[in-house]
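# Architecture and fold: a report
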Amino acid sequence: MTREEIISRIKELGGRDEFILHEMKRLGFWDVSEGIPQLSESLREQRKQLETELRGALERQAIYRNKKKILREMRQKRMAEAKTRRSETKEHRQRIRAEKAAAWVEAKQQDIEWLGPGVSAGLQNKQSNVVQLETLGLPVFAGVSELGAAMKVPLNELRFLAYDQRVSRISHYHRFKVAKKTGGFREISAPAPRLKAAQYWILEQLLEKVLLHEAAHGFVLQRSIVSNARPHVGAQVVINMDLKDFFPSISYRRVKGVFMALGYSEQLATIFGLICTEPQTDEVRLDGQLYHVTKQERHLPQGAPTSPAITNILCWGLDRRLEGMVKGLGWTYTRYADDLTFSKKGSDARDVNRILWQARQIVENEGFTLHPDKIKVMHKGSRQEVTGVVVNEKPNVSRAKLKQFRAVLHRIETQGAGAAAFGKGQILESIQGFANYVLMVNPEKGGALKSKVAAILAQPEAKRQLEACRAAHATQTQVVVNESGIYSGVNQDVKQDWWRLW
């Protein structure tokens, strides 16, 4: 039979199976009396599976014959898989970034993790020495949030006050110069109200509670230039030394180290150190906008209320070593801020050169520098002064100053306040301050002078001038330098908006 005949016969019989059975019967391979065999269900499933595999094998065989098509499909498959992986990776990274951002926002509400490059490395060290703090009688803070609550400063404002920026449009300090009594100018950095409030809190709650060396008299409660001068009264020889660039020479790292030495964690010490120091900056104007650009590392500002107390704590080692040096030689040592004074009573006043040499070695070893032009050796036959107080026989004010002051008072009494000049500020405030100064040094002479000044200030014209001066102080922040060389911020309690201040 031909192929066409077979196909036609299959169609007539109704299928291939029927055609095969018919041919088997016709050729004698199948009994004619038997019916059509029925395949079992398992055999049918097996047959279907084999047919499916056969078709798949035939399709793969047809594909493998076309190499370009195979490579294209493989490439498309890899690209689809890579695209899927990239999509999954992107989603994973976005989820991680979102989680980190949320965690950062939450952390900023509870903690301070960053305060600028170069100063933020220690903010993760949050363990304080609680035993040492309690021994020193200092407050213990569990973290930055507790510190902010104690200072009554929001965490964002605390971060703003401590943040160290290399370039900023805002400065926390108002800088100006005041004339020195010895000539030249002293640069004063007056902190803005919010920063000043934070510094006063650190001063009153932390620094003033630290026990200082007995030789320290500057900016110490119950001590003054008089208490600093009194141990040297009647000495055979008095030596005065001055530390050069006292406040600017104390870096931020040393200030931070002071707070860590007290027992505070590196995180809290970093915040305290940044609040109590300032960088040296240049003012640059660009496109009409003023920028403050840092040119030197942070250091103690001369004008911040915390600076003197920090120096007293930092100089504890210096005071201890200098006192130990002179004690065995029968000398006396005191320090008022950056003024070092040594004296020896009795007829034997040798060892001057030894004191000068050893003091220089100790000062330099402690990280300071002696001013070469401010070393004085005063013997008993000459006028001996310690921080402006004459100490030859008893604490006193120099005769020249008293004579000048009495002449000023006489001129005011006879010609009016406009005819006289005295001090660096307003004439009436200056004479009032100097009278108080004399009263502190020599109560006998100061009492008489204070009575004269009180009579002058009681005059109607003087009252009007003083009221006008106080009104001016109430609207601006100024610095008053009195005769003892102590500067103090006027209008410390003025509450002004930070952004409108300067």
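Heads up: the structure comes first, above all this text.
Residues numbered from 1 in each chain as written. Predicted model: local features only at pLDDT ≥ 70, side-chain atom pairs only at ≥ 80, totals over all residues. Heavy atoms only, no water.

This part takes up the overall build of the protein. The helix and strand tally for the protein stands at 19 helices and 13 strands. For the protein, the C-alpha radius of gyration of 45 Å lies well beyond 23 Å, the compact-globule estimate for 502 residues. The dimensions of the protein, computed from C-alpha atoms along their principal axes, are 160 × 60 × 40 Å. Counting over 502 residues, the protein shows a buried share of 40%. When contacts within the protein are restricted to residue pairs at least 6 apart in sequence, those whose partners lie at least 24 apart make up 64%. Only carbon and sulfur atoms are counted for the fraction: they give 52% of the accessible area of the protein, which is about 29400 Å². Computing the positive centroid from 78 side-chain charges and the negative centroid from 56, the protein places the two 7 Å apart. (Helix = DSSP H or I, 4+ residues; strand = E, 2+ residues; numbered from the N terminus. Rg over C-alpha atoms; globule rule 2.2 N^0.38 Å. Buried < 20%, exposed > 50% of the residue type's maximum accessible area, 1.4 Å probe, protein only. Contact = heavy atoms within 4.5 Å. Areas by Shrake-Rupley, 256 points an atom, 1.4 Å probe, with all protein chains shown as cover. Lys, Arg positive; Asp, Glu negative; His and termini not counted. Charge placed at Lys NZ, Arg CZ, Asp CG, Glu CD.)

So, on to the sheet that holds strand β9 (residues 376–379). As summarised here, the arrangement of the four strands in space is β7-β8-β4-β9, forming an open sheet in which the pairing is antiparallel. Of all strands in the sheet, those bounded by a partner on one side alone are β7 (332–336) and β9. Geometrically, the sheet is characterised by an average inter-axis angle of 15° between neighbouring strands, direction not taken into account. Bridging between strand β4 (residues 237–242) and β9 involves four bridges; their strand directions are antiparallel. By the bridge assignment for β9, Asn240 is matched with Lys376. (Pairing = 2+ DSSP bridges. Axes fitted to C-alpha atoms, helices over the stretch in contact; angles between N-to-C directions.)

The next thing to look at is the packing of aromatic side chains. A complete count under the given rule lists 12 aromatic pairs for this structure. Ring geometry for Phe141 and Trp201: centres 6.0 Å apart, planes at 45°, overall tilted. Note that Phe141 is positioned in the loop between α5 (130–136) and α6 (144–151) and Trp201 in helix α8 (residues 193–205), a separation of 60 residues in sequence. With respect to class, Phe141 is no different from Trp201; both count as buried. Aromatic side chains Phe246 and Phe368 sit 5.7 Å apart centroid to centroid with 40° between the ring planes, which places their arrangement in the tilted category. Taken together, the residues Phe246 in the loop between β4 and α10 (252–262) and Phe368 in the loop between α14 (352–365) and β9 connect sequence positions 122 residues apart. On the accessibility criterion, Phe246 (4% relative accessible area) is buried. A network of ring pairs unites the aromatic residues Phe141, Trp201, Phe259, Tyr264 and Phe272 as a single cluster. The ring centre of Phe368 lies 4.8 Å from the NZ or CZ of Arg254, which sits over that ring. (Phe/Tyr/Trp six-rings, centres within 6.5 Å; stacked < 30°, edge-to-face > 60°. Lys NZ or Arg CZ within 6 Å of the ring centre and 35° of its normal.)

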